[in-house]
Amino acid sequence: MIEGAWKQAAEAWQKEWEQQAARWWDATLREPLTLEGMRKALEGVCAAKERSDQALEQLWALYRLPTATDVERLHERLGDLEDGLARLQATVEALAERLPAKAKAEPKA
Amino acid sequence: MIDLQLAPTPCDELLRRGPMRVLRYRASTPRLPVPVVLVPSIINRSYVFDLRPGQSLVEALLGAGLDVVLVDWGVPAQADARLGLGDYALGLLGRALDAALAASGATKAHVLGYCLGGTFALIHAARHPGRVASVVALTTPVDLADPGAMERLVDPRLVDLDALARAYPVVPGPALWAAFQALDPTGNARKARHLADEQDPERRARVLAQERWLADPVPMTARALQDIVGALYRDNALAAGRLSLGGAPVDLKAGAAPVLNLVASGDTVVPPASSRALARLWGGPVETVEVKAGHIGITVGSQAPRFMWKAATDWLVARQEEVARG
């Protein structure tokens with residue numbers, strides 16, 4: 001019985017702690033100072049990543065290896081080509097569907 | 001270790017385009033003629049629709065005789081960094097519909113979109129009304145004037161989206177997951193406590209499968225993130241009629257297909273009011289059904305078969321007859 005009471009008290013304390021922590025975090029996330037600090041930290045991470053990417057690209061280019069940008073451009077062109085082929089295929093299919101009907105409609109010479 | 005048997009329903013690949021795969025589920029009985037295309041959000045994995053045996057919307061739809069096709073957005077690589085909202089909602093979703101229609105022989109498809117997948121479905125249906133027989137919008141953000149808890153994540157004072165896009169053309173999944181975790185820092189402790197108290201093995205497996213899915217994040221292209229956060233959230237462009245994709249405006253009033261709008265009344269990710277707004281913004285008829293559930297529980301919770309799955313299945317089967325009658 002005493003064990004059950006202790007367990008209940010511990011659970012109640014845990015729930016209360018969770019609720020308090022959640023409320024504090026929610027309020028903190030809305031503080032302009034927190035937002036500013038998080039933004040600055042994120043900007044720092046982004047700037048470092050951008051610089052490291054640029055350095056890596058220059059190194060790649062030095063050894064005449066294709067960079068990520070080269071691969072992305074190639075992929076973009078392949079994508080355009082794929083779309084063009086799909087459009088062409090759709091047009092051919094539509095024409096093939098219309099052809100027999102047209103042949104029936106036109107009287108033979 | 002429990003074997004959760006995630007994504008158990010057998011399927012065949014209809015199409016692969018960029019990171020996207022279009023999958024058609026195998027059916028043991030003859031399929032109804034108009035296919036149902038399931039569109040998940042791009043933030044999470046697509047197997048939420050087919051989580052595990054008995055916890056699968058796909059199973060329920062197949063059980064009703066529907067022809068079920070899934071759009072799996074896949075994992076974008078650096079080469080897919082150019083994909084933005086328009087590429088997903090109009091380009092890739094258009095190819096997925098083409099594949100579903102070609103496989104089924106139908107001329108129109110039903111589209112069931114979950115969360116942002118619902119927004120994509122509505123955008124596509126508004127732009128191409130002739131291809132969509134009906135839309136089931138499941139916890140779909142539409143009017144984001146008040147984005148609820150997401151307000152803290154999309155705050156312009158927190159993230160410079162352009163700087164993020166320059167550094168990370170594809171934003172890593174764990175970073176997005178961590179951002180969502182930051183909204184509810186004590187959530188994991190709470191869930192762990194509930195799980196420890198849960199004695200029923202089936203209920204434990206349900207919760208574990210759901211948590212496994214949640215902790216399986218997907219990277220997202222920075223361009224899509226810019227479009228979604230910048231245009232949909234910060235500018236509320238879709239509801240305000242200011243959204244332009246592919247060089248043309250997206251006008252929800254141009255949507256003619258009937259919509260079943262499934263709203264989770266306890267949703268903390270997409271505020272119910274944001275979804276309810278569809279009734280006044282959509283051009284066609286909208287039937288709104290509110291379900292007592294949360295954003296994820298509505299689809300994979302223990303009450304999902306009784307409420308959401310039943311509402312969606314009944315609606316889609318009824319629309320089959322309407323489409324057949326022309």
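Counting restarts for each chain: residues are numbered from 1 in the order of the written sequence. Think of it this way: whatever chain is written first is A, whatever ligand is written first is 1, and the rest follow in order. pLDDT decides what is reported in this predicted model: residues at 70 or higher carry local features, side-chain atom pairs at 80 or more are listed and counted, and totals for whole chains, interfaces and linings draw on all residues regardless. As a rule here, side-chain values come from all non-hydrogen atoms in the structure, and water together with hydrogens is ignored.

**Let's talk about the pattern of salt bridges**
Residue and element names in this part refer to chain A. Here a salt bridge means any side-chain nitrogen of Lys or Arg lying within 4 Å of a carboxyl oxygen belonging to Asp or Glu. Taken as a whole and judged by the stated rule, the model has 30 salt bridges over all chains. Ionic pairing is found between Arg39 and Glu43, a salt bridge with its closest N-O pair at 3.1 Å. Residue Arg39 and its partner Glu43 are both found in helix 2 (residues 32-62); the two are separated by four residues, about one turn of the helix. Using a 1.4 Å probe on the protein chains alone, a residue whose accessible area is under 20% of its type maximum counts as buried, one over 50% counts as exposed, and one in between counts as partly exposed. On the accessibility criterion, Arg39 (22% relative accessible area) is partly exposed. The class of Glu43 is partly exposed, set by a relative accessible area of 31%. Helix and strand labels come from DSSP, where a helix needs a run of H or I of at least four residues and a strand needs a run of E of at least two; each type is numbered from the N terminus.

**A look at the domain arrangement of chain A**
Residues and elements named next belong to chain A. Start and end points for every domain follow an automatic or database-based domain assignment. Entries for chain A in the domain assignment read domain 1 (6-65) and domain 2 (66-109). Placing the centre of domain 1 and that of domain 2 at their C-alpha centroids yields a distance of 47 Å. The contact criterion used is simple: two residues touch if any of their non-hydrogen atoms lie within 4.5 Å. The interface of domain 1 with domain 2 comprises five residues on the first partner and five residues on the second. By buried area we mean how much accessible surface two parts lose on assembly, using a 1.4 Å probe and totalling the loss over both. Of the roughly 330 Å² buried between domain 1 and domain 2 on both sides combined, carbon and sulfur atoms contribute 51%. The largest per-residue losses of area from domain 1 upon contact with domain 2 belong to Glu57, Trp60 and Leu65, which jointly make up 95% of the total buried on that side. Residues adjacent in sequence count toward polar contacts only when both atoms are side-chain atoms; beyond that, a polar contact is any pair of N or O atoms within 3.5 Å, and within protein one must be able to donate a hydrogen and the other to accept it. Taken together, the links from domain 1 to domain 2 amount to two residue pairs in polar contact (both at pLDDT 80 or more).

**What about helix 3 (residues 116-127) of chain B?**
The span you would expect from a helix comes to 1.5 Å times its residue count less one. The end-to-end C-alpha distance of helix 3 of chain B is 17 Å, a good match for the 16 Å that 12 residues give at a rise of 1.5 Å each. Where burial is concerned, most of helix 3 of chain B is hidden: 11 out of the 12 residues are buried.

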